[in-house]
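Residues per chain are reported as follows:
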There are 2 protein chains.
Amino acid sequence: MSDAIYDLVIIGGGPAGYVAAIRAGQLGKKVAVIEMERAGGTCLNWGCIPTKALLKSAELYRSFQKADAYGLSATGVSFDFAKVVERSRGVAATMAKGVEFLFKKNKVDYFVGKGSVVMAGMVEVTAGEHKGKFFKTKNILLCTGQKPKQLPGLPADGVRVMTSREALAAKAPPKSIAIIGAGAIGVEFAYFFNAFGSKVTLIEMLPQVLPVEDEEVAKVLERSFTKQGIAIHTGTKCENIRSGATSVKLDLVKDGTKTELEVETILVAIGITANLEGLVSPKVKLELDRGFVKVDATYQTSTPGIYAAGDIQGPPWLAHVASFRAVQAVEGMFGHAKPKLVGNFPGCTYCQPQVASTGLTEKQAKEKKLDYKVGKFPFTAVGKAVAAGDTEGFVKVIADAKTGEILGVHIIGNEATELIAEYGLAMSLEATIDEIHDSIHAHPTLSEALGEAALATHGKAIHI
Amino acid sequence: MSDAIYDLVIIGGGPAGYVAAIRAGQLGKKVAVIEMERAGGTCLNWGCIPTKALLKSAELYRSFQKADAYGLSATGVSFDFAKVVERSRGVAATMAKGVEFLFKKNKVDYFVGKGSVVMAGMVEVTAGEHKGKFFKTKNILLCTGQKPKQLPGLPADGVRVMTSREALAAKAPPKSIAIIGAGAIGVEFAYFFNAFGSKVTLIEMLPQVLPVEDEEVAKVLERSFTKQGIAIHTGTKCENIRSGATSVKLDLVKDGTKTELEVETILVAIGITANLEGLVSPKVKLELDRGFVKVDATYQTSTPGIYAAGDIQGPPWLAHVASFRAVQAVEGMFGHAKPKLVGNFPGCTYCQPQVASTGLTEKQAKEKKLDYKVGKFPFTAVGKAVAAGDTEGFVKVIADAKTGEILGVHIIGNEATELIAEYGLAMSLEATIDEIHDSIHAHPTLSEALGEAALATHGKAIHI
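As named in an unreviewed UniProt entry, chain A is Dihydrolipoyl dehydrogenase, taken from Lacunisphaera limnophila. Looking at chain A in UniProt, the text filed under Sequence similarities (unreviewed entry) is "Belongs to the class-I pyridine nucleotide-disulfide oxidoreductase family."

On to the interface of chain A and chain B. Facing 88 residues of chain A, the contacting portion of chain B comprises 88 residues. Along the contact surface separating chain A from chain B lie four salt bridges. The partner of Asp438(B) in a salt bridge is Lys340(A), and the shortest N-O contact between them spans 3.6 Å. At the surface where chain A touches chain B, the tally comes to 30 residue pairs in polar contact (both at pLDDT 80 or more). Looking at which element gives the most residues to the side of chain A that touches chain B, the answer is helix α3 (residues 48-65) of chain A, with 10 residues. Broken down by class, the residue content of the side of chain A that touches chain B amounts to 47 nonpolar, 24 polar and 17 charged.

A separate point is the UniProt feature "active site" (unreviewed entry) in chain A. In this numbering, the UniProt entry assigns the feature "active site" (unreviewed entry) to His443(A). Checked against the element boundaries, His443(A) lands in the loop between α12 (433-438) and α13 (448-456). Among residues more than four places away in sequence, those in contact with His443(A) are Glu448(A), Cys43(B), Cys48(B), Ile49(B), Ala319(B), His320(B) and Tyr350(B). A polar contact is formed between the side chain of His443(A) and the side chain of Glu448(A), at a distance of 2.8 Å.

This paragraph deals with the sheet that holds strand β14 (residues 237-243) of chain B. Residues and elements named next belong to chain B. Read from one edge to the other, the open sheet built from three strands follows the order β14-β15-β16, with strand pairing classed as antiparallel. With one partner strand each, in any of the chains shown, β14 and β16 (257-263) form the two edges of the open sheet. Pairs of neighbouring strands in the sheet enclose a mean axial angle of 20 degrees, with direction left out of account. The pairing of β14 with strand β15 (residues 248-254) spans five bridges and is classified as antiparallel.

Let's shift gears to the environment of Ala156(B). Residue and element names in this part refer to chain B. With respect to the helices and strands, Ala156 occurs in the loop between β9 (146-148) and β10 (161-162). Along the backbone, Ala156 and Val268 are 112 residues apart, and their C-alpha atoms lie at a distance of 8.3 Å. Filtering out sequence-adjacent residues up to four positions away, Ala156 remains in contact with Gln150, Val161, Met162, Thr163 and Glu166.

Let's shift gears to the pairing of strand β17 (residues 265-268) of chain B. All names here are of chain B. Covered by surrounding structure in β17 are Thr265 and Leu267 together with Ile266 and Val268, the residues of both alternating faces. Bridging between β10 and β17 involves two bridges; their strand directions are parallel. Looking across to β17, one finds that Met162 is bridged to Leu267. The pairing of strand β11 (residues 176-180) with β17 spans four bridges and is classified as parallel. Note that in β17 the partner of Ala178 across the bridge is Ile266.

Our focus in this paragraph is the relation of the copies chain A and chain B. Take chain A, turn it by 180 degrees, move it 0.0 Å along the axis, and it overlays chain B with an RMSD of 0.1 Å. Taken together, the rotation angle and the small translation identify this as a two-fold axis. Of every C-alpha in chain A, the one belonging to Glu422(A) sits nearest the axis of rotation, 2.1 Å from it. A shared interface surface links the copies, since 100% of the contact residues of chain A are contact residues in chain B too.

As a further point, take the UniProt feature "domain: FAD/NAD(P)-binding" (unreviewed entry) in chain A. The sites that carry the UniProt feature "domain: FAD/NAD(P)-binding" (unreviewed entry) are, in the present numbering, residues 6-323 of chain A. Helix makes up 30% of residues 6-323 of chain A and strand 30%, with an end-to-end C-alpha separation of 21 Å.

Before going further, it helps to spend a moment on the environment of Ser224(B). Residue and element names in this part refer to chain B. Here Ser224 lies in helix α7 (residues 215-228). Between the C-alpha atoms of Ser224 and Glu264, which are 40 residues apart in sequence, the distance is 24 Å. Apart from residues no more than four positions distant in its own chain, Ser224 is found in contact with Gln352, Pro353 and Glu392.

With that settled, consider the packing of aromatic side chains. We describe a pair of aromatic rings using the distance from one ring centre to the other and the angle between the two ring planes. Residue and element names in this part refer to chain A. On inspection of all chains with the given rule, the structure shows 25 aromatic pairs over all chains. Pairing Tyr6 with Phe135 gives two aromatic rings, centres 5.8 Å apart and planes at 55 degrees, and the pair type is tilted. Here Tyr6 is found in strand β1 (residues 5-11), whereas its partner Phe135 is found in strand β8 (residues 134-142), with 129 residues between them in sequence. Neither residue differs from the other here; Tyr6 and Phe135 are each classed as buried.

Residue and element names in this part refer to chain A. In terms of burial, strand β25 (residues 394-400) is largely enclosed, as seven of its seven residues are buried. Across seven bridges, strand β24 (residues 372-378) lies against β25 in antiparallel orientation. Note that in β25 the partner of Gly375 across the bridge is Val397. Direction of pairing for β25 relative to strand β26 (residues 406-413): antiparallel, over a ladder of six bridges.

With that out of the way, let us pick up unusual backbone geometry. In this structure, Pro444(A) follows His443(A) across a cis peptide bond, with omega equal to -5 degrees. Counting through the fold element by element, Pro444(A) comes out in the loop between α12 and α13. Omega for the peptide link from Gln352(B) to Pro353(B) comes to -5 degrees, which places this bond in the cis form. Considering the arrangement of structural elements, one finds Pro353(B) in the loop between β22 (346-349) and β23 (355-359). With a phi close to 65 degrees, Glu415(A) is a non-glycine residue in the positive phi region.

Thresholds applied
- Residues numbered from 1 in each chain as written.
- Chains lettered and ligands numbered in written order.
- Predicted model: local features only at pLDDT ≥ 70, side-chain atom pairs only at ≥ 80, totals over all residues.
- Heavy atoms only, no water.
- UniProt positions renumbered as here; feature names shortened; annotations may be inferred.
- Contact = heavy atoms within 4.5 Å.
- Salt bridge = Lys/Arg side-chain N within 4 Å of Asp/Glu carboxyl O.
- Polar contact = N/O pair within 3.5 Å; in protein donor to acceptor, adjacent residues only side chain to side chain.
- Helix = DSSP H or I, 4+ residues; strand = E, 2+ residues; numbered from the N terminus.
- Nonpolar A, V, L, I, M, F, W, Y, C, P; charged D, E, K, R; others polar.
- Pairing = 2+ DSSP bridges.
- Axes fitted to C-alpha atoms, helices over the stretch in contact; angles between N-to-C directions.
- Buried < 20%, exposed > 50% of the residue type's maximum accessible area, 1.4 Å probe, protein only.
- Least-squares fit on C-alpha atoms with pLDDT ≥ 70 in both.
- Phe/Tyr/Trp six-rings, centres within 6.5 Å; stacked < 30°, edge-to-face > 60°.

Here is the structure:
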């Protein structure tokens, strides 16, 4: 039993937990992180980061196939899928090592093991090499995040049935794959496997791919994916999924019509579930809300001294939101600053064309009966996009019709995930569309479309 | 002689002139543009746009060479230089056609020819198919821009001696090339020709490449270029340039030491000069300042009714600044809005790694004796950069030590030219560094480095 008394013990070392630990370390606090697997959590080891490495290989592979359009040629373009995956694992390992280094630098004690709250002020390690260790601590922060939901009766086996986790360590691109769920994860893997030659069927129960995104964006993405060779079924349910020795059969049901699909593998991307198993002893009262840990405005759970931050709190399940919440929780618990709640935040999908957005979709603005106007500017009218030979997509700005306040921004196209940053700042500063187009955007850049879309809300865009 | 009376006649159809015309058209004005060559001007036909097309081919060609690192392989990789250049010319032509379409859409009369001001209220076409045509007009806007400076006695011949203009239509990459001047143009062509196999020597009289950029940025670029195989000579003068039948010889003089260099071709990128030849009749008073047209706060020249906007006004010679000035001039002359002067603006260089900045360099902050602090964040610590295998460079923020006001931002690295947009808005809104890092940046994106650099000014960056 450890006698050390910590200021803060954090359970879970993902983008909430590790960032919280570093911030607390910066504040001079004595901090421990207990992480079951590897520093960096899902995001860094089995999510955001390794997928981006895979996608980079996929993009590059696809760009090689278009070499001719750029005056280039290559006679033999091929890929070694094992190397593609190995590189991705290597990137994740590098980043995880980086987090471990940051722990040392910030004097954070790091333990691999399963942490469990005995009571406020006391954490036990219940599995792993430190099993049986107890930590006394002034504060506890729960950051165990989430894991992919599985299909009932069809757990991921890495061969016939995968979640994102198994897909990240695939041995080869399946000849055919059905991806169930067209949220960001489903869409990114659809792009990835299609690029490497899999026959991809993407299935979404809701009426559009990327259901949280603006309808117009989803339409353009559906068109682009279809052109890339991906079969898309929206408004479609999967029923009667049968995993066999060499294939999986499932029924696609749309408007009462049933079609059978047979594929080598299915990828289940139907959502996530909070990692709560064994997290607190039965004596600890931890109020939940729809399966996620309920917190107050200071990120404190229903038990004083126990805080929670990140995906475990519920949506939006985004790494950057998790980190933000975690920093706020820490700054609040040590009286450093009044914790802020999450205001506007960007959401990104890294297929090609990329999708990024912040704020309301047009449908949401309509539902809220807001008096809004829309400015839209296509990348076909942007010099840099034409020069790069990549003109798919647009920037769409939704603004209050009277005040010009920015209500929502939706980008589909090359580098959308970087371009969203300017509007992210604009919305958090409550800037108006006029302030956007009054700011001089460099020529020639894709960011010119940000200014032009703002002008377009007045019907004043220059280049359309 | 035309009897039409225009509200505005614009001489020069580049990013100042054509944007002014469209804006005036939007305001319902009767407008004519007289352009000597092709709509879009230098920027679109012989500058920003076609260079970006060339650079895209160069980047892709270089990425082929790194395929292995991404689990890919490409054999028999080659380029067809004529096709690379042809594509670039095609991109320029597409964009020029686009401007001509916008003229029609906005009811702008467009004449190819050389425009010359007879007096306030009267413009004559002095060359081209419309020669002898006169235009009566309420306002005149001079937007003839600039052209590259030539070496005295060594005009560009497209073989031994090139300016950017000839380089844009080169038939083949020269075996060896000396680029005189390491501003944005020199640096971009150095990257381009080096990528396609030329032996490149880049020569700059001042102590660093990209003399207007921050010293630390220039150092990283010099290191990167040297690694790419470019020979760099800063603080070096070129003397005794002798163009021969098969080569050019020149003396590089540094600290009194002379070295002879022999190359197939030289590219002269030593600055620009305003296009004033025959622009106004001798009777028209046009006050100049160091060779550029002097204007007042309403963009009016020394002769009432004659305005000037864009590069012809003097530095900064940037297309986006030219367009901004032109819109202001038009809105002012028609009483639509009080014309604004150029505040902060971004500057971009599109080699790899890219360079972008806005505001003061650290040296300038020092010279102004400002009480500043610096936050620097490297892309090696950014997950997206690691995932993409492209970790060169950093974001550097210079902020007022007391108020946190952003004084300058300097980025070197992948997509720097897009990333600068957020800080461009921040500076035009006079935002503080705290407002930057309080805005949630999407993970994983390169834009995270923007927030981290802001935190770094407080010593609070998370990932270093």
